[in-house]
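Descriptive analysis of the structure
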Amino acid sequence: MPKTPLIEFRSVTKTYGTGAATVHALAGVDLVIERGEFVAIMGPSGSGKSTTMNVIGCLDVPSTGQYLFQGVDTGTLSRNQRTRLRRHFLGFVFQGFNLLARTTAVENVELPLIYRGLAPVERRKLAIKALERVGLGGRIDHGSSELSGGQQQRVAIARAIVTSPRVLLADEPTGNLDTKTSREIMDLIVSLNRDQGITVVMVTHEADIAAYARRVIRFVDGRIDSDTVNREAA
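Thresholds applied
Residues numbered from 1 in each chain as written. Predicted model: local features only at pLDDT ≥ 70, side-chain atom pairs only at ≥ 80, totals over all residues. Heavy atoms only, no water. Phe/Tyr/Trp six-rings, centres within 6.5 Å; stacked < 30°, edge-to-face > 60°. Buried < 20%, exposed > 50% of the residue type's maximum accessible area, 1.4 Å probe, protein only. Axes fitted to C-alpha atoms, helices over the stretch in contact; angles between N-to-C directions. Helix = DSSP H or I, 4+ residues; strand = E, 2+ residues; numbered from the N terminus. Parallel < 35°, antiparallel > 145°, perpendicular 65-115°, else oblique. Left-handed = near helix turned anticlockwise from the far one by under 90°. Contact = heavy atoms within 4.5 Å. Nonpolar A, V, L, I, M, F, W, Y, C, P; charged D, E, K, R; others polar. Core = buried A, V, L, I, M, F, W, Y, C linked by side-chain atoms within 4.5 Å. Pairing = 2+ DSSP bridges. Salt bridge = Lys/Arg side-chain N within 4 Å of Asp/Glu carboxyl O. Polar contact = N/O pair within 3.5 Å; in protein donor to acceptor, adjacent residues only side chain to side chain.

Turning our eyes to something else, we now look at the packing of aromatic side chains. Summed over the entire model, instances satisfying the criterion amount to three aromatic pairs. Seen in terms of ring centroids, F92 and F94 are 6.1 Å apart; in terms of plane orientation they differ by 5°. Their pairing is stacked. What makes F94 partly exposed here is its relative accessible area of 31%.

Look at helix 3 (residues 105-116) against helix 5 (residues 149-161): their axes get within 7 Å of each other, and the N-to-C directions meet at 30°. The angle between helix 3 and helix 5 falls in the class roughly parallel. In this structure, helix 3 crosses over helix 5, and the sense of that crossing is right-handed. Each of A105, N108, V109 and P112 in helix 3 lies in contact with helix 5, whose residues at this interface are V155, A158 and R159. Its residues assigned to classes, the contact of helix 3 with helix 5 comprises five nonpolar, one polar and one charged.

This part is about the nonpolar core. Counting 40 residues, the largest nonpolar core has F38, V109, L131, V155, I157 and M202 as its most contacted members. The set of elements that each furnish at least two residues to this core consists of strand 3 (38-42), helix 3, helix 4 (120-133), helix 5, strand 7 (167-171), helix 6 (179-196), strand 8 (199-203) and helix 7 (207-210). The next biggest cluster of nonpolar side chains, apart from the first, holds 26 residues, and it includes V12, V39, I56 and I217.

Time to look at the sheet that holds strand 5 (residues 72-73). Read across the open sheet, the four strands follow the order 2-1-4-5; overall the sheet is antiparallel. Two strands lie at the open edges of the sheet, namely strand 2 (23-33) and strand 5, each paired on one side alone. Pairing of strand 1 (residues 7-16) with strand 4 (residues 64-69), which is carried by five bridges, proceeds in the antiparallel orientation. Looking at the pairing, R10 lines up with Q66 of strand 4. In this fold helix 1 (residues 49-56) packs onto strand 1, strand 2 and strand 4, with an angle of close to 120° to the strand it touches most, strand 1.

Proximity of charged atoms lets side chains of opposite charge pair with each other. Inspection of every chain in the model, using the stated rule, returns seven salt bridges. Between E8 and R10 there is a salt bridge; the shortest N-O distance is 3.2 Å. In this structure, R215 engages E37 in a salt bridge whose closest nitrogen and oxygen atoms are separated by 3.0 Å. One end of the pair, R215, is in strand 9 (residues 215-220); the other, E37, is in the loop between strand 2 and strand 3, and 178 residues separate them in sequence. No difference in accessibility class separates R215 from E37, as the two residues are buried. Through salt bridges that share partners, E37, R215 and D227 make up one connected network.

Across the sheet, six strands lie side by side as 6-7-8-3-9-10; this open sheet has mixed pairing. Each edge of the open sheet is held by one strand with a lone partner, namely strand 6 (90-94) and strand 10 (223-229). On average, each strand axis in the sheet is inclined to that of its neighbour by 15°, with strand direction left out of account. Where strand 6 meets strand 7, five bridges bridge the pair, whose relative direction is parallel. In the strand pairing of strand 7, F92 is matched with L169. Lying on the sheet, helix 5 is in contact with strand 6 and strand 7; it crosses strand 6 at an angle near 165°.

Moving on: unusual backbone geometry. One non-glycine residue with positive phi stands out, namely S164, at about 55°. Taking relative accessible area as the criterion, S164 reaches 54% and is therefore assigned exposed. In this model, E172 sits at a positive phi of 50°, which is unusual for a non-glycine residue. With respect to the secondary-structure elements, E172 resides in the loop between strand 7 and helix 6.

Note that S182 resides in helix 6. Of the polar contacts made by the side chain of S182, one reaches the backbone oxygen of L177; its length is 3.4 Å. If we ignore the near neighbours within four places in the chain, the residues touching S182 are T174, L177 and I209.

Below is the structure:
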């Protein structure tokens with residue numbers, strides 16, 4: 001029997017607004033992402049790449065068509081069920097880090113575990129382990145203001161992986177970083193994909209960042225314009 005894809009779009013459309021203000025963000029997208037892939041999504045502004053990421057992350061729902069996660073049609077899920085799917089299966093990394101101010105690195109990483117209802121001792125243990133995985137075992141008690149941009153993004157990645165997600169969704173993860181730090185962050189994301197088996201879906205407008213992915217999908221006008229394998233990264 002064929003295995004079920006991790007992520008599957010079936011003729012997905014997404015429309016915002018009505019009348020003259022209607023925007024067709026996605027115009028019938030078919031897409032399959034298998035477990036363990038590292039996919040970069042590219043395209044000009046308004047091409048549909050961010051909308052695709054939002055649908056994959058269950059932050060938005062298709063207007064028509066189906067988005068299946070592990071074979072489950074997410075359109076049949078309630079709002080609370082989609083929240084649980086995000087909480088248990090997805091990790092998010094953003095360009096702006098989104099760390100809580102006046103809290104330590106380990107407290108930031110613990111946050112998703114609080115929502116899961118884990119006891120404080122277990123939360124702390126898992127948060128420290130996640131920080132060690134991203135190379136910040138010696139910075140667990142440092143506040144956000146005491147960390148460099150690259151270190152803050154590492155904290156954000158630790159927070160995203162502390163729940164052992166199936167998928168890491170990274171939206172311009174190096175957008176606020178210099179070239180050297182960007183390479184360090186991308187090397188970390190590659191290691192999470194290759195060594196930990198985490199499926200990575202990343203939005204970027206930078207070709208040198210997309211080159212880290214093993215597959216590059218380019219969107220134009222709400223449709224997939226190209227879908228290619230990056231053999232140098234494979």
